[in-house]
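# Residue-level structural notes
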Amino acid sequence: MRRDFLSLRDWSHEDLLKIITLGMGLKKEYQQNRARNSLAHKTLAMIFAKPSSRTRVSFEVGMFQLGGHTIFLPNDELRPGKREAVSDLARVLSGYADGILIRTFSHDLIEEFACYSSAPVINGLTDKCHPCQALSDIFTIYEKLGRREEITLSYIGDGNNMFYSLLYGCAKLGINLNFACPPGYRLAKEIIVDAQQLNAKISIKQFDVPGEAVKGADVVYTDVWTSMGQEAEKEQRLRDFAGFQINKELLENARDNCLVMHCLPAHRGEEISAEVIDGPNSIVFEQAHNRLHVQKAILLELL
Ligand code: CP
Ligand code: NVA
């Protein structure tokens, strides 16, 4: 049956673990210079309504390494919902391409597209979530810690698309989550409750003070305070997020060897200090590079 990769909430623990395990094998093959041609003659169409470096390049390279190829489609060209109905575009494009990657604003648009697409649809980020990034991040956490149990991730910052996917990723894959988001920037309580109900074995705890949330964490994670599309709110956000920066002082409350993660692009000096992102605890570049392996696993699983 055709499957889409729209949100980690839709995927079972077993299936997500299967992708991670496949990604680990693909990473090994890549390091040993071994190639797979499993996606020969397959095409991934990629629609981007927002800028991207990592997502675009890692998917393009990933498809190429698997023997397939990609078509990059800027949103201004297609204008789904404006030039033609989303449903019409979905029916047309999925008749040509074997998979469709979409990065857009509204999550409803990607869901509508998926409803009418005959090919699998992959979420390359919406305002609601960023599942490829979060799954890849959990791959990195497992790899760096060398274990899959008794892990605590502490998220500090905006209750945004990244946090949403990490929340469900942690719930599905058994990672404890501590978080501190400023008032007005927290996910709705029902979402937190929903994630907790998916897995009673983990704890999901909200903290008011970032220093408390990072205590004992294996991983400290942050994302930008101003996401793509929110630029007009930047000044207000800078004020509201004061005190939520990941910096050396904050990390004095955490374990000496805690891993520091950020999905990138980072706004250095805002949500994270340059000293920390370039410091010994930071694994942000390995984290970015692992997107390639995990997304290749997603492509193999879906296409
Ligand atoms: N982390 C991430 O998705 O990066 P891009 O916006 O550059 O794709
Ligand atoms: N929250 C960020 C993530 C970028 C990968 C954004 O949506 O801009």
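Now for a description of the structure that goes with this document.

Cut-offs used in this document
Residues numbered from 1 in each chain as written. Chains lettered and ligands numbered in written order. Predicted model: local features only at pLDDT ≥ 70, side-chain atom pairs only at ≥ 80, totals over all residues. Heavy atoms only, no water. Pairing = 2+ DSSP bridges. Helix = DSSP H or I, 4+ residues; strand = E, 2+ residues; numbered from the N terminus. Axes fitted to C-alpha atoms, helices over the stretch in contact; angles between N-to-C directions. Contact = heavy atoms within 4.5 Å. Salt bridge = Lys/Arg side-chain N within 4 Å of Asp/Glu carboxyl O. Buried < 20%, exposed > 50% of the residue type's maximum accessible area, 1.4 Å probe, protein only. Near = heavy atom within 4 Å. Polar contact = N/O pair within 3.5 Å; in protein donor to acceptor, adjacent residues only side chain to side chain. Areas by Shrake-Rupley, 256 points an atom, 1.4 Å probe, with all protein chains shown as cover. Nonpolar A, V, L, I, M, F, W, Y, C, P; charged D, E, K, R; others polar.

Looking now at the sheet that holds strand E9 (residues 259-262). Pairing is parallel in the open sheet, where five strands are placed in the order E7-E6-E5-E8-E9. Strands with a single pairing partner mark the edges of an open sheet, and in this sheet they are strand E7 (204-206) and E9. Averaged over neighbouring strand pairs, the angle between their axes works out to 20° when direction is ignored. Helix H13 (residues 284-302) contacts strand E8 (219-222) and E9 of the sheet and is inclined by roughly 55° relative to E9.

Right, let's talk about the pattern of salt bridges for a bit. Enumeration over the complete set of coordinates arrives at 18 salt bridges. Here arginine 237 and aspartate 158 are joined by a salt bridge, their closest N and O atoms 3.0 Å apart. Taken together, the positions of arginine 237 in helix H10 (residues 234-240) and aspartate 158 in the loop between strand E5 (152-156) and helix H7 (161-173) put the pair 79 residues apart, joining distant regions of the chain. Like aspartate 158, arginine 237 is buried. Residue arginine 237 is joined to glutamate 233 by a salt bridge in which the shortest nitrogen-to-oxygen separation is 2.8 Å.

Taken together, Ser52, Ser53, Arg54, Thr55, Arg103, His130, Gln133, Cys263, Leu264, Pro265 and Arg291 are the residues near ligand 1. Note that an oxygen atom of ligand 1 is positioned 2.8 Å from one of the side-chain N or O atoms of histidine 130. One of the side-chain nitrogen or oxygen atoms of glutamine 133 is found 2.9 Å away from a nitrogen atom of ligand 1. When isolated, ligand 1 has an accessible area of 250 Å², and the protein chains bury 97% of it. Residue composition of the shell around ligand 1, grouped by class: three nonpolar, five polar and three charged.

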